[in-house]
Amino acid sequence: MHDVPIYDVVGSVIAELQSSKQVLLHAPTGAGKSTVLPLAILDQAQLAGRIIMLEPRRIAARSVAERLAEQLNEPVGMTVGYRMRSETKVSASTCLEVVTEGILTRMLQQDPELSDVSLVILDEFHERSLQADFALALLLDVQEGLRDDLRILIMSATLDNQRLSSLLPDAPVIVSEGRSYPVTRAYHPISAHQPFEQSVASAVLRLLQQEMGSLLLFLPGVGEIQRVLALLEGKVDDDTLLCPLYGALSLSDQRKAISPALTGMRKVVLATNIAETSLTIEGIRLVVDSGLERTSRFEPKSGLTRLITQRISQASMIQRAGRAGRLEEGVCWHLFSQEQAERATEHSEPEILHSDLSGLSLSLLQWGCRDNTQLHWLDNPPQPALAVAASLLLRLGALDDNQQLTARGWQMAESGSEPRLAAMLCSAREKSVAKEQGTSKEEGHVVLATAAKLVAILEEPPRRGQPDLTYWVMSNQRHWQQRANQLIRNLGGKVEKQGAENVSPDLVPELLVQGFPDRIAKNRDNLGRFQLANGLGVALEREEPLSGEAWLVTPSLQQSSKNPDARVSLACPLNIEQTMRQYPHLFTQHTAVEWDDNKGSLRAWKRLQCGRLIVKAQPLAKPSESELQEALLNWVRQEGLSALNWSPEALQLRIRLQRAIEWLPELEWPAVDDEALLNSLEQWLLPTLMGVGDLKGLHQIELSSSLMGLLDWHQRQILDNELPTNYTVPTGSRITIQYFSDKTPVLSVRMQEMYGEQQNPVLAKGRIPLVIELLSPAHRPLQITQDLAAFWRGAYREVQKEMKGRYPKHLWPDDPANTAPTRRVKKYM
């Protein structure tokens, strides 16, 4: 192994780790940074404590740990071990521990000092996963306040040095050049007139015919892998083995894809972007790059995560091509044009910028950080996603009204599961304890076992088939049961019976409601379309038995850009009456009002709602005035501001207030956009609803008076002085100023009334010159100007010539700036 390129910089890395808190290492794929350098550091650096190495993917963590242990001629779990969510192989003698994302964060939360750790290695950091960014922020916080002797080594194949160096200005940068063989890169755009998978399969077959060696094919997701695999089966030679490779594969299938082909055989590995940098795949000489990847995007408005297929970055293209040059000269075919490659982004967008941050927010509060800006981030977590996360944590009972963790919130944080799943586990634990303290220990165990099985399924859901969760809960899939057993032990329970007889499908709906209260769904049409408690639409296939259920709870949804309704992947029927009895806090009473077209009047209703879903409705014969007023406000919110009768005066006042925000920003003004006004109806519209009992009365309200209620006396004075409704012209006439949301205010006035006005009128403390629309005696536009003095001196001459002939009875003086204004003809002057 001493010919591995990373050995050239081992001495430099170890020397820098002796004197620097953080070290940055840039080493291309294949240099040996993951499989050689950690052992060299362990052997030569004489560290007092353990080494923790973070690998972003489970499949890579296991593979790296096995390779490291193999070099020591030891089994995994001795000197080198690994720790991941569902599997751990460590012992008292473990000095180098490879961990996956989330595990390192949990280790820091349990022991912030990392008291027996000397070095933390962040591998494949260029992937910029959410957990890696968070781990770095926590480690820097530990170095700053608790452990100035703790060392951090950040390793990457395509390091964004500029960003990292600005965050860590004192960290030395070490570069390992690596030794790869030349790779011939060619661009072969696929036809838009042929199905994607068919084009890809054709390209693979062509390259296999032209070149020798094993081939690595990059595809965006599992679906594409399975479809291309089906197209290649029966068409490749008998000496060619087809191997899929993605995270959800069994361990044996993953090893089959990674290990070298048997003598006289070659293989085609069909992989997601998991194979870009994290794994060493033996024997690859050919690469076919589809140029696509599948990534998740969290949308704060909907609260859903959408899977999208997108073009990869230029850095990913380089990584994929480099896989062909590990052993000998290689060939890479990119299935897109060179122009598309040049237009691609340089690096992939960090995960923290487009992820659900509810788990991150919970971990920050567990760390004792209520303000995320207290930590050092490469990219700050976006505020909209943090706000949505806080709202969800409040709904799940993890936060109180002061944004502090509740007792349940602490339990959820310590569980290590995602917040929604953690809420389910904590609820089950509470019920289990209550039942065990009573007379039913057996029932308590069933609650815990059902919740654990449910969480295991939702962590790694089935890729297709039956959407009814109760079906899967009653199944006996080994990997789910293993994870469920681990969760039961984590919660302090005992694993007793195995299999379906240990769980209860009747408990599934009430457990799901604990984690997904906003995903309670009501049937809209018995055709598979439902509405969620948060207002979003979701859909099932019409043929699915669940599509006829009145109520569902839908924990697993897939948002598509093609369909406005998210697709329900997993759900179960919900007894809404039972849910009302069990969880009354999820339901609220509302008084609503609607326009009855038949009677031509408003009707008031008392409604029981779950979020935006109406559970029960009862008409109110004689609502009280306060109930009617609340109902009217709700009706306006539902119909929008356009349902109100906006007089010209009210519209002009709104525009004046909007322009005041823009032109007089040093003063505080109320927001009057649609969203702000709908959110503040109680402040400005409610005071004018006294005695209003129907739509006719509502439409008779003068909204300009209502809006004035948003302003205090001082604001009204400034608004009237700086953005007045009228302007007094030299004749003494008060002429209305017309305000616009997208252009300068206009004063339309007959020219004779402006004689003697030497300067252009201005608004907003002299910042905005009025547009003067000068009119003829017949009120026809003659001239538009924002510089009256310049007009009198210049263009007025042409207007004077023409108007003298057309309106001889009116005054057209040679010096209008110094002429007395008039409303009359010359005869009466």
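An unreviewed UniProt entry lists the protein chain under the name ATP-dependent helicase HrpB, with Xenorhabdus hominickii as the source organism.

Caption draft 1: Structural detail: the nonpolar core. The biggest cluster of nonpolar side chains holds 62 residues, and the ones touching the most others in it are Trp-684 and Leu-698. If sequence neighbours within four positions are ignored, Leu-698 has contacts with Leu-632, Trp-635, Val-636, Leu-644, Leu-689 and Val-692. Grouped together as the second largest cluster of nonpolar side chains are 42 residues, Val-99, Val-117, Leu-140 and Leu-150 included.

Caption draft 2: Representation of empty space enclosed by the protein within the structure. This model, assessed by the stated rule, comprises two cavities of 30 Å³ or more. The calculated volume of the largest cavity comes to roughly 40 Å³. Lining the largest cavity are Leu-54, Glu-55, Pro-56, Glu-101, Leu-122, Asp-123, Glu-124, Phe-125, Ser-129 and Ala-132. Put simply, the second largest cavity is a space of about 30 Å³. If you trace the second largest cavity, you find it lined by Arg-750, Gln-752, His-810, Thr-822, Arg-823, Arg-824 and Val-825. Residue composition of the lining of the second largest cavity, by class: one nonpolar, three polar and three charged.

Caption draft 3: Molecular detail of the packing of aromatic side chains. A full pass over the atoms with the stated rule returns nine aromatic pairs. Summarising the aromatic geometry, the rings of Phe-791 and Trp-792 are spaced 5.4 Å apart at their centres and angled 45 degrees between planes, so their arrangement reads as tilted. With respect to class, Phe-791 is no different from Trp-792; both count as buried. Cluster of aromatic residues (ring-pair linked, three or more members): Tyr-755, Phe-791, Trp-792 and Tyr-796. Here Arg-654 stacks its cationic end above the ring of Trp-646, 5.1 Å away from the centre of that ring. The cationic tip of Lys-743 hangs over the ring face of Phe-740; the distance from NZ or CZ to the ring centre is 4.5 Å.

Caption draft 4: Region of interest: unusual backbone geometry. In the Ramachandran plot, Asn-73 falls in the positive-phi region, its phi being about 55 degrees despite a non-glycine side chain. Along the polypeptide, Asn-73 turns up in the loop between helix H3 (58-71) and strand S3 (80-84). On the basis of relative accessible area, Asn-73 is assigned to the exposed category, the value being 74%. Although it is not a glycine, Asn-526 sits at a positive phi angle of roughly 60 degrees.

Caption draft 5: Quick look at the pattern of salt bridges. Applying the stated criterion to the full structure yields 37 salt bridges. A salt bridge links Asp-116 to Arg-50; the nearest nitrogen and oxygen atoms lie 3.1 Å apart. With a gap of 66 residues between them, Asp-116 in the loop between helix H4 (103-110) and strand S6 (117-122) and Arg-50 in strand S2 (residues 50-55) connect regions that are remote in the sequence. What makes Asp-116 partly exposed here is its relative accessible area of 40%. We note a salt bridge from Glu-430 to Arg-408, for which the minimum N-O separation is 2.8 Å. Within this pair, whereas Glu-430 is found in helix H15 (residues 419-437), its partner Arg-408 is found in helix H14 (residues 407-415), the two being separated by 22 residues in sequence. A cluster of three or more residues bridged by salt bridges with shared partners is formed by Arg-50, Arg-83, Glu-97 and Asp-116.

Caption draft 6: Representation of the sheet that holds strand S10 (residues 214-218). The six strands lie next to each other as S9-S16-S13-S10-S12-S11, forming an open sheet whose pairing is parallel. Each of the sheet's edge strands pairs with one partner strand only, and the pair in question is strand S9 (183-187) and strand S11 (240-245). Across the sheet, the mean angle separating the axes of adjacent strands is 15 degrees when strand polarity is ignored. Bridge count between strand S13 (residues 284-289) and strand S16 (residues 330-334): four bridges; the pairing is parallel. Within the sheet, the bridge partner assigned to Val-288 lies in S16 and is Trp-333.

Caption draft 7: Structural view of the pairing of strand S30 (residues 771-775). The buried fraction of S30 amounts to five of the five residues, a majority that puts the element mostly inside the structure. Burial of the side chains of S30 extends over both faces: Val-771, Glu-773 and Leu-775 are buried on one face and Ile-772 and Leu-774 on the other. In terms of strand pairing, strand S27 (residues 746-750) meets S30 through five bridges, oriented parallel. Residue pairing across strands places Arg-750 opposite Leu-775, the latter belonging to S30. Bridge count between S30 and strand S31 (residues 781-785): four bridges; the pairing is antiparallel. Note on S31: the bridge partner recorded for Glu-773 is Ile-784. Hairpin connection from S30 to S31: five residues lie between these consecutive antiparallel strands, with His-779 at a positive phi of about 65 degrees.

Caption draft 8: Quick peek at the sheet that holds strand S19 (residues 537-539). Reading around the circumference, S17-S18-S19-S21-S20 is the order of the five strands in this closed barrel, with mixed pairing throughout. Each strand axis lies, on average, 50 degrees off the axis of its neighbour in the sheet, ignoring direction. For S19 and strand S21 (residues 566-573), the ladder comprises two bridges, and the chain directions are parallel. When the sheet's bridge partners are listed, Val-538 is paired in S21 with Ala-566.

Caption draft 9: Structural detail: the pairing of S13. S13 sits mainly inside the fold: six of its six residues count as buried. The pairing of S10 with S13 spans five bridges and is parallel. Residue pairing in the sheet places Phe-218 in a bridge with Asp-289 of S13.

Caption draft 10: Region of interest: the environment of Glu-124. Along the chain, the position of Glu-124 falls in the loop between S6 and helix H5 (130-145). In this structure the C-alpha to C-alpha distance between Glu-124 and Pro-56, which are 68 residues apart in sequence, comes to 7.1 Å.

Caption draft 11: Structural view of the environment of Gly-444. Position of Gly-444 relative to the elements: it lies in helix H16 (residues 441-459). Considering only alpha carbons, one finds Gly-444 and Gly-493, 49 residues apart in sequence, at a separation of 9.7 Å.

Caption draft 12: Structural detail: helix H18 (residues 478-490). Between its terminal C-alpha atoms H18 stretches 19 Å, which fits the 18 Å expected from 13 residues at 1.5 Å a residue. Considered for burial, the residues of H18 that qualify are Trp-480, Gln-481, Arg-483, Ala-484, Asn-485, Gln-486, Leu-487 and Ile-488. Looking one or two residues past H18, Gly-492 carries a phi angle of roughly 85 degrees, positive in sign.

Thresholds, definitions, all that
Residues numbered from 1 in each chain as written. Predicted model: local features only at pLDDT ≥ 70, side-chain atom pairs only at ≥ 80, totals over all residues. Heavy atoms only, no water. Core = buried A, V, L, I, M, F, W, Y, C linked by side-chain atoms within 4.5 Å. Buried < 20%, exposed > 50% of the residue type's maximum accessible area, 1.4 Å probe, protein only. Contact = heavy atoms within 4.5 Å. 1 Å grid on protein atoms, 1.4 Å probe; cavity = no way out; pocket = protein on both sides within 12 Å on 5 of 7 lines; lining within 4 Å. Points joined across faces, edges and corners; volume = space filled by probe spheres on them. Nonpolar A, V, L, I, M, F, W, Y, C, P; charged D, E, K, R; others polar. Phe/Tyr/Trp six-rings, centres within 6.5 Å; stacked < 30°, edge-to-face > 60°. Lys NZ or Arg CZ within 6 Å of the ring centre and 35° of its normal. Helix = DSSP H or I, 4+ residues; strand = E, 2+ residues; numbered from the N terminus. Salt bridge = Lys/Arg side-chain N within 4 Å of Asp/Glu carboxyl O. Pairing = 2+ DSSP bridges. Axes fitted to C-alpha atoms, helices over the stretch in contact; angles between N-to-C directions. Expected span 1.5 Å × (residues − 1).

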